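Fold and contact review
One-letter residues, chain by chain:
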Amino acid sequence: MKKISIAIDGPAAAGKSTVAKMIAEKLSYIYVDTGAMYRSLTYKAIVEEVDINDEMEMERLLLHTIIELKPSINGQLIFLDGKDVTNQIRGEEVTNKVSKVAAIKAVREEMVIRQQKFGIDGGVVMDGRDIGTKVMPNAELKIFLLASVDIRAERRHRENLQKGFPSNLDTLKEEIMLRDKQDSEREISPLRKAEDAIEIDTSSLSIKEVAEKILDMALERIEAK
Ligand code: CDP
Ligand code: CDP
């Protein structure tokens with residue numbers, strides 16, 4: 001069967017990674033969580049006490065950093081310089097700092113090169129903020145996922161509680177709004193819907209419903225290829 005590339009973008013906690021993983025599994029495609037790559041670099045900067053406002057230092061740090069995404073039975077694992085950091089990169093400090101790191105031009109340029117290598121042969125589902133506009137502008141299927149900020153905060157809250165992480169709904173809502181603002185207003189590759197992306201508001205849809213919609217569109221495009 002011919003392989004296509006699928007780009008899934010949207011604001012924080014819209015359901016991108018959950019749905020992207022499901023589709024990748026159904027189609028036996030590679031799943032690339034580009035947010036995890038920015039989170040990993042941010043985590044390393046915190047651990048090594050590198051100033052995230054120092055753009056040259058951050059660029060240097062990334063050039064000495066190996067980020068690997070490895071599929072496992074429990075979902076994707078993220079390795080930073082050979083160490084599993086899957087859980088550490090979801091912490092509050094990383095979440096609060098990642099948008100600042102992701103706004104650095106040299107960091108984005110290097111990340112985009114790495115992400116494009118993952119997608120070079122097609123058969124990839126990639127999620128992030130600039131996948132349809134910058135990383136895979138020729139993707140056969142581009143999706144832009146949306147949901148109201150209240151619903152997104154509630155979903156993340158529920159997820160945190162399930163995982164046993166500390167969580168406060170109001171703080172989460174503020175954090176999500178601030179990150180969306182920073183991601184949408186940055187100069188380089190801001191969060192935008194690509195012109196040819198299909199928008200899906202997931203506010204009143206289940207994960208399964210969203211995944212089925214996208215899968216139908218993917219199968220249509222695979223057949224047409
Ligand atoms: O899962 P969640 O929506 O909380 O965020 P994420 O996908 O893990 O992304 C974390 C952050 O990385 C985002 O808020 C952006 O600042 C940045 N990011 C980006 O700039 N470009 C991407 N392609 C992916 C993530
Ligand atoms: O990757 P992104 O930050 O866009 O979102 P996510 O981590 O995939 O989803 C955030 C939370 O919302 C997860 O706990 C999902 O299970 C949940 N979700 C949902 O309840 N209904 C949807 N239609 C989509 C996501």
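These numbers were taken from a predicted model, which means no experiment stands behind them. (Residues numbered from 1 in each chain as written. Chains lettered and ligands numbered in written order. Predicted model: local features only at pLDDT ≥ 70, side-chain atom pairs only at ≥ 80, totals over all residues.)

Another point: the overall build of the protein. Tallying secondary structure elements over the protein gives 9 helices and 8 strands in all. The dimensions of the protein, computed from C-alpha atoms along their principal axes, are 50 × 35 × 35 Å. For the protein, the proportion of its 225 residues judged to be buried stands at 40%. For the protein, the proportion of contacts with a sequence separation of at least 24, taken over those separated by at least 6, is 73%. (Helix = DSSP H or I, 4+ residues; strand = E, 2+ residues; numbered from the N terminus. Buried ≥ 20, exposed ≤ 12 C-beta atoms within 10 Å, placed from the backbone. Contact = placed C-beta atoms within 7 Å.)

The UniProt record marks residues 6-217 with the feature "domain: Cytidylate kinase" (unreviewed entry), using the residue numbering of this structure. Across residues 6-217 one finds 50% helix and 17% strand; the C-alpha atoms that close the span lie 10 Å apart. (UniProt positions renumbered as here; feature names shortened; annotations may be inferred.)

With parallel pairing, the 5 strands of this open sheet are ordered in space as β2-β6-β1-β7-β8. Taken across any chain shown, the strands that pair with only one partner, and hence form the sheet edges, are β2 (30-33) and β8 (198-201). The mean inter-strand angle of the sheet, taken between neighbouring strand axes irrespective of direction, is 20 degrees. Of the strand pairs in this sheet, strand β1 (residues 5-9) and strand β6 (residues 124-128) are connected by 5 bridges, and their pairing is parallel. Residue pairing for β6: I8 is matched across the bridge by D127. Strands β1, β7 (141-146) and β8 of the sheet are contacted by helix α9 (residues 207-224), whose axis makes an angle of about 165 degrees with β7. (Pairing = 2+ DSSP bridges. Axes fitted to C-alpha atoms, helices over the stretch in contact; angles between N-to-C directions.)

Our next topic: the sheet that holds strand β3 (residues 67-72). Spatial ordering of the open sheet is given by β3-β4-β5, a layout of 3 strands whose pairing is antiparallel. The outermost strands of the open sheet, each flanked by one partner alone, are β3 and β5 (83-84). Pairing of strand β4 (residues 75-80) with β5 involves 2 bridges; the strand directions are antiparallel. When the bridges of β5 are listed, F79 appears paired with D84. Across the face of the sheet, helix α2 (residues 34-47) comes into contact with β3 and β4 while running at roughly 35 degrees to β4.

In the UniProt entry, the feature "binding site: ATP" (unreviewed entry) is given for G10, P11, A12, A13, A14, G15, K16, S17 and T18. Locating A12 in the fold gives a position in the loop between β1 and α1 (16-27). Judged by the 22 C-beta atoms lying within 10 Å of it, A12 is buried. Setting aside residues up to four positions removed in sequence, A12 forms contacts with R152, I176, R179 and D180. Positionally, K16 belongs in helix α1. For K16, a count of 27 C-beta atoms within 10 Å gives the class buried.

Of note, R186 is situated in the loop between α8 (169-185) and β8. Sequence-wise, R186 and G15 are 171 residues apart; in three dimensions their C-alpha atoms are separated by 22 Å.

Packing of α2 against helix α4 (residues 92-101) leaves a shortest axis separation of 9 Å and a crossing angle of 110 degrees. Our classification of the angle between α2 and α4 gives roughly perpendicular. Residue-level inspection shows Y38, R39, L41, T42, Y43, A45 and I46 of α2 in contact with α4, the latter providing E93, V94, K97, V98 and V101. Residues that form the contact of α2 with α4 fall into these classes: 8 nonpolar, 1 polar and 3 charged. (Parallel < 35°, antiparallel > 145°, perpendicular 65-115°, else oblique. Nonpolar A, V, L, I, M, F, W, Y, C, P; charged D, E, K, R; others polar.)

Right, let's talk about the site of ligand 2 for a bit. Ligand 2 sits among 16 residues. The nearest are G15, K16, S17, T18 and R155. For the shell around ligand 2, the secondary structure elements donating two or more residues are α1, α7 (149-163) and α9. Of the residues belonging to the shell around ligand 2, the class tally is 6 nonpolar, 6 polar and 4 charged. (Near = placed C-beta within 6 Å.)

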